[in-house]
Amino acid sequence: MAFIANIKTSSFLVLICFLTFSLHTTTTEACHKTDKAALLDFKSKITLDPAELLKTWNKSTDCCTKWEGVACGSNGRVVNLSRSGIFSPILDDFAFMAGTISPSLGRLTFLRLLDFNNLKSLTGTIPTELGKLSHLTTLFLNSNQLKGSIPASFQNLRKLNRLFLNDNLLSGTVPTNIFRHMSSLTELDFSENQLSGGIPSSIDKLVSLKRLELHHNNFSGSIPSTIGNLKNLAYLILSNNQISGSLPSSMSKLVLLNSCYLQDNKLTGSIPALIGGSALQFLVLDNNMLTGRLPKSFGSLTNLLGLFVRNNRLKGKIPSSFSNLRNLQYLGLSRNGLSGPIPSELVKLNATLKTLDLSFNPLSLVNIPIWISKMTLLQLHLARTGLIGELPEWLSDLSSDDLSANSFLNSLDLSSNMLSGVLPAWIGKMASLSSLNLSNNGFHSAIPVEIMNLSILRILDLHLNNFTGGLRPIFGDGLSLSWYSYIDLSYNMFVGRIDNFANLGNMESLETLVLSNNRLGGSIPESLGKLRQLRTLKVAKNGFAGSIPSGVINLVSLREFDVSYNKLTGKIPSHTTPFPSSSFKGNSGLCDSPLPPCETA
């Protein structure tokens, strides 16, 4: 194997040498003086180059044969300009340049490729002169700090194949006619900027486009009704904008569409009978204002891997035709107005479906459907779906340490239902659980010691129940607590001291600890001051006594802190995060900022 690895390494180095050599040997003439002057002017605008990416750019040498990142044609004119060090993974990861893009680059009239991606610190505006580069096929200016608007002159770049301006600080509207002559464009990415206004109507001229990414901007208005003209489109990503209006019916013409991400917008109206065709694998419509019903015709999207329509205003039943989605792995329909029952035909997806999220729908389930016991789910979320009574023991078969059972449920959310009774000992058999949410129910038992067997549990939410007893099954000595990131046990009837648990300081990944509204006592453990990731600590309305440990209130990540209505005493330690006085009220023995000053003798 080492011999094969050495061959592969050697082959890679040979390829790099060949590519580097070829970039500098395609010319038979010296670098043209116009191009050289333009490049030197670009270098003069670079104010910081710590990795010396432009070190080889000297007046005394030939830019075609000696300058890294520059390639010329046989006539000595620059055709490719890219960040130097492109063949060095180390430089590619850490190198950057600060400065602006010189308008003189517009004089590189034979340029085909301009690649300044991920230089990280290029600032200023995009020069309108770049619109003169009529031979340009590739323009990468992404992952910098460029601001201002996209030049209208880009409409002259008729030979462009790829245009990436993403991950900058660009603002304003996109020029209306910018795409009018870009029929050769295959990839367009303006994402992660501050662009606003509507999506230009000229976008329907991009008949060769395969990838369109406009996500994480402030685009408004509707999706152009002519989007169906983009018949080569495979990836459509318009998420995280302010786009409104209905989904165009012409989207059914996008038969090559593979992924469609339209989440986090303001879309309204009903979902078209079809979006894309049989090639569609991911459809994400979360967090909009869509109404109507789930189309039965979606059952024909047999290559669909993920369907997400969470947090909309859909009504009606889940179509039984969804059982035809034989490749479906993720079904997320939570936070709608869907009614039950869940079609039992979905059991046909037992070999593929991994996530079933139907939470916060008025499904009136009463019981978890028994056919779910035949599924091989990783995530089962049925919060506020009308469940009543005790937990069915067959749930333990979905998440066991029996490898032969092929059951690895890692996330179970049954919160906000009317479940009751005891938390059963068999919960300890669900060894693959990393997230357990049973909050806002009616459980009224102690925590079984068997919960200690959940050795990879990261998220535990049991708040708003009637749990009693101590917390040793959760924090007991001898347990490895390093997995925990979120614990909420508030609004129960837990008793006892937590300062007796010596290993609390070992919860190195913990970000949230909420123990409010219980009957806990003792002191606030100083060991909590070791939890460098802790952002939220709430222990209000208990019986904690003693002083507030300085190391706890000064945790570097701490943003929420509430010890109100306990029996704490002494001076509040000085702290850098400005917690409000409400975080400390109800402790008659506490004093100093933000409470009144301590009395002096």
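The numbering scheme is per chain: residues are counted from 1 as the chain's sequence reads. The model is predicted, so local features are restricted to residues of pLDDT at least 70 and side-chain atom pairs to those at 80 or more, both for listing and for counting; the totals for chains, interfaces and linings are taken over all residues. The side-chain numbers reported here are obtained from all heavy atoms of the structure, hydrogens and water having been left aside.

(A) Quick peek at the overall build of the protein chain. Numbering goes from the N terminus for both helices and strands, where a helix is a DSSP run of H or I of at least four residues and a strand is a run of E of at least two. Of the regular secondary structure elements, the protein chain holds 5 helices and 41 strands. Each principal axis of the C-alpha atoms in the protein chain carries an extent, and together these give about 85 × 70 × 55 Å. Pairs at least 24 apart in sequence give 56% of the contacts found in the protein chain among residues at least 6 apart. If you sum the accessible surface of the protein chain, you get close to 25800 Å²; carbon and sulfur atoms cover 53% of it. His is not counted here, nor are the chain ends, while Lys and Arg score as positive and Asp and Glu score as negative. Charge positions are represented by NZ for Lys, CZ for Arg, CG for Asp and CD for Glu. Counting 51 positive and 39 negative side-chain charges, the protein chain places the centres of these two groups 8 Å from one another. The contact rule is simple, with two residues in contact once any of their heavy atoms fall within 4.5 Å. Note on areas: Shrake-Rupley, 1.4 Å probe, and residue coverage restricted to the protein chains presented here.

(B) Layout of empty space enclosed by the protein. Within this scheme a cavity is a closed region of a 1 Å grid, computed over the protein atoms alone, that accommodates a 1.4 Å probe without allowing it to escape, whereas a pocket is open but has protein on both sides within 12 Å along at least five of seven lines; lining residues each have an atom within 4 Å of a point. Grid points are joined across faces, edges and corners, and a volume is the space filled by probe spheres set on the points. Counted by the stated rule, this structure contains 3 cavities of 30 Å³ or more. Within this model, the largest cavity holds a volume of roughly 40 Å³. For the largest cavity, the full set of lining residues is Ile199, Ile203, Leu212, Ile223, Pro224, Ile227, Leu230 and Leu238. Only Asp, Glu, Lys and Arg are considered charged in this grouping, and only Ala, Val, Leu, Ile, Met, Phe, Trp, Tyr, Cys and Pro are considered nonpolar; every other residue, Gly among them, is considered polar. For the lining of the largest cavity, the class distribution of residues is 8 nonpolar, no polar and no charged.

(C) Spotlight on the UniProt feature "domain: Leucine-rich repeat-containing N-terminal plant-type" (unreviewed entry) in the protein chain. UniProt positions are given in the numbering used here, feature names are shortened, and annotations may be inferred rather than shown by experiment. When the UniProt feature table is mapped onto this chain, "domain: Leucine-rich repeat-containing N-terminal plant-type" (unreviewed entry) is found at residues 33-72. In residues 33-72, the share of helix is 30% and the share of strand is 15%. The end C-alpha atoms are 13 Å apart.

(D) Spatial organisation of a nonpolar patch on the surface. Each patch is built from residues that are more than 30% exposed by relative accessible area and take part in no salt bridge. Like charges join if they lie within 9 Å; nonpolar side chains (Val, Leu, Ile, Met, Phe, Trp, Tyr) join within 5 Å. By definition, a salt bridge exists where a carboxyl oxygen of Asp or Glu is found within 4 Å of a side-chain nitrogen of Lys or Arg. A cluster of nonpolar side chains, Val366, Ile388 and Met418, forms an exposed patch at the surface whose accessible area comes to about 270 Å². Tracing the backbone through its elements, the reader meets Met418 in strand S28 (residues 418-421).

(E) Layout of the sheet that holds strand S6 (residues 120-123). Judged by pairing direction, the sheet is mixed, and its 3 strands sit side by side in the order S1-S4-S6 without closing on themselves. Lying at the two open borders of the sheet, with one neighbouring strand each, are strand S1 (46-48) and S6. On average, each strand axis in the sheet is tilted by 25 degrees relative to the strand beside it, whichever way the strands run. Here, a strand pair is defined by DSSP locating no fewer than two bridges between the strands. Sheet topology note: the strand S4 (residues 97-100)/S6 ladder contains 4 bridges and is parallel. Opposite Met97, over in S6, you have Lys120 as the bridge partner. Only the contacting stretch of a helix is used when fitting its axis, a line to C-alpha atoms as for every element, and angles between N-to-C directions run 0 to 180 degrees.

(F) Just helix H2 (residues 33-44), in detail. By this rule, a helix spans an expected 1.5 Å times one less than how many residues it contains. In this model, H2 (12 residues) spans 16 Å end to end at C-alpha, consistent with the 16 Å of a helix rising 1.5 Å per residue. For H2, the complete set of buried residues consists of Asp35, Lys36, Ala38, Leu39 and Phe42. End-on view of H2: buried residues confined to an arc of 160 degrees, all on one side of the axis. Opposite the buried face of H2, by more than 90 degrees, sit the exposed residues Lys33 and Ser44. Contacts made by the buried residues of H2 are with S1, strand S2 (70-72), strand S3 (78-82) and S4. Each residue's exposure class comes from its accessible area (1.4 Å probe, protein chains only) as a fraction of the maximum for that residue type: buried when under 20%, exposed when over 50%, partly exposed otherwise. The arc in question is formed by the directions pointing from the helix axis toward the C-beta atoms.

(G) Structural detail: the environment of Arg83. With respect to the helices and strands, Arg83 occurs in the loop between S3 and helix H3 (89-94). When its relative accessible area of 2% is taken as the criterion, Arg83 is described as buried. Residues Arg83 and Thr600, spaced 517 residues apart in sequence, show a C-alpha to C-alpha distance of 66 Å.

(H) Local environment of the packing of aromatic side chains. Working definition: rings of Phe, Tyr and Trp (its six-membered ring) pair if their centres are within 6.5 Å, and the pair is stacked with planes under 30 degrees apart, edge-to-face with planes over 60 apart, and tilted otherwise. Using the criterion set out here, one finds 11 aromatic pairs in the structure. Arranged with centres 4.9 Å apart and planes meeting at 15 degrees, the rings of Phe42 and Phe116 form a pair that is stacked. Of this pair, Phe42 sits in helix H2 while Phe116 sits in the loop between strand S5 (113-115) and S6, and the two are 74 residues apart along the sequence. No difference in accessibility class separates Phe42 from Phe116, as the two residues are buried. Taken together, the ring pairs connect Phe42, Trp57, Trp67 and Phe116 into an aromatic cluster. Think of it as a cone above the ring: NZ of Lys or CZ of Arg counts as a charge over the ring if it is within 6 Å of the ring centre and within 35 degrees of the ring normal. For Arg335, the ring lying beneath its charged end belongs to Phe360, and the centroid distance is 4.0 Å. Taking NZ or CZ as reference, Lys541 lies 5.8 Å from the ring centre of Tyr565, over its face.

(I) Molecular detail of the state of the cysteines. Two cysteine sulfurs form what is called a disulfide whenever their separation falls within 2.5 Å. With the rule as written, the count across this model stands at 3 disulfides. With its sulfur 1.7 Å from that of its partner, Cys31 forms a disulfide with Cys63. Around the S-S axis, the bridge from Cys31 to Cys63 shows a dihedral of about 70 degrees and counts as right-handed. Of this pair, Cys31 sits in the loop between helix H1 (2-23) and H2 while Cys63 sits in the loop between S1 and S2; the two residues are 32 residues apart in sequence, bridging distant segments of the chain. As far as burial versus exposure is concerned, Cys31 and Cys63 are alike and both buried. A disulfide bridge connects Cys591 with Cys598, and the sulfur atoms are separated by 1.8 Å.

(J) Quick peek at the sheet that holds strand S34 (residues 493-497). Across the sheet, 3 strands lie side by side as S32-S34-S36; this open sheet has parallel pairing. One side of each edge strand has no neighbouring strand; the edge strands of this open sheet are strand S32 (468-469) and strand S36 (519-521). Looking at chain direction, S34 and S36 are connected through 3 bridges and run parallel. Residue Arg497 lies in a different strand from S36, and its bridge partner there is Gly521.

(K) Looking closely at the environment of Ser339. Locating Ser339 in the fold gives a position in strand S23 (residues 337-339). A residue is classified by how much of its surface remains accessible, and Ser339, at 26% relative accessible area, is partly exposed. Each C-alpha atom of the pair Ser339 and Thr385 lies 9.3 Å from the other, and the pair is 46 residues apart in sequence. Ignoring sequence-local partners within four residues, the contact set of Ser339 consists of Gly316, Lys317, Ile318, Pro362 and Leu363.

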